[in-house]
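# Structural features, examined
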Amino acid sequence: MALYSEKVMDHFRNPRNVGVIEDADGVGEVGNAKCGDIMKIYLKIENDTIADVKFETFGCGSAIASSSMATEMIKGKPLSQALELTNKAVAEALDGLPAHKLHCSVLAEEAIKNAILDYYKRNGLPFDPSLEQACAHCEEE
Ligand code: FES
């Protein structure tokens, strides 16, 4: 069996939503200390919904494919739904990642959570404290 699924290869070769949103409402950046990869997510939020999302990923192919898939999965979705996106769901949507590459999809989940947290903080909105805890360990992985 090929190491990477067709979907991973597709999203790696033709990543969706690459770029920067200059006037983003929330920005999340996470890094993985071990592999050194960095992912940045930009969100445009309207009426508690993700109106637009873009990403920049300085990292491996799996991290790029995960960011691409994750942004597709949250675009147009309410924040509450975007917060529920798990790295497992991202990996499943990609038809799986090799075990030693699962951490790459974790970056996508955490970058999105971080960006939403940034939006809440910028606007002085209430948020679930567990969100901050979830983001605090991003840097440690
Ligand atoms: Fe680090 Fe993929 S190897 S994010």
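Let us look at the structure shown here.

Procedures and definitions
Residues numbered from 1 in each chain as written. Predicted model: local features only at pLDDT ≥ 70, side-chain atom pairs only at ≥ 80, totals over all residues. Heavy atoms only, no water. Salt bridge = Lys/Arg side-chain N within 4 Å of Asp/Glu carboxyl O. Helix = DSSP H or I, 4+ residues; strand = E, 2+ residues; numbered from the N terminus. Expected span 1.5 Å × (residues − 1). Buried < 20%, exposed > 50% of the residue type's maximum accessible area, 1.4 Å probe, protein only. Contact = heavy atoms within 4.5 Å.

This paragraph deals with the pattern of salt bridges. What the rule picks out here adds up to 11 salt bridges. Among the salt bridges present, the one from D23 reaches K44, with a minimum N-O distance of 3.5 Å. Highlighted residues: D23 in the loop between α1 (6-13) and β1 (26-31) and K44 in strand β2 (residues 38-46), separated in sequence by 21 residues. Among the charged side chains, a salt-bridge network with shared partners connects D23, D25 and K44.

Below, the discussion takes up helix α2 (residues 61-74). Look at α2: 20 Å from first C-alpha to last across 14 residues, which is about the 20 Å you get at 1.5 Å a residue. The element α2 is largely enclosed, with a buried count of 11 among its 14 residues. The complete set of buried residues in α2 reads S62, A63, I64, A65, S66, S67, S68, M69, A70, T71 and I74. Along its buried surface, α2 packs onto α1, β2, β3 (49-58), α3 (79-83), α4 (87-93) and α5 (102-122). Among the residues trailing α2, G76 stands out with phi positive, at a value near 80 degrees.

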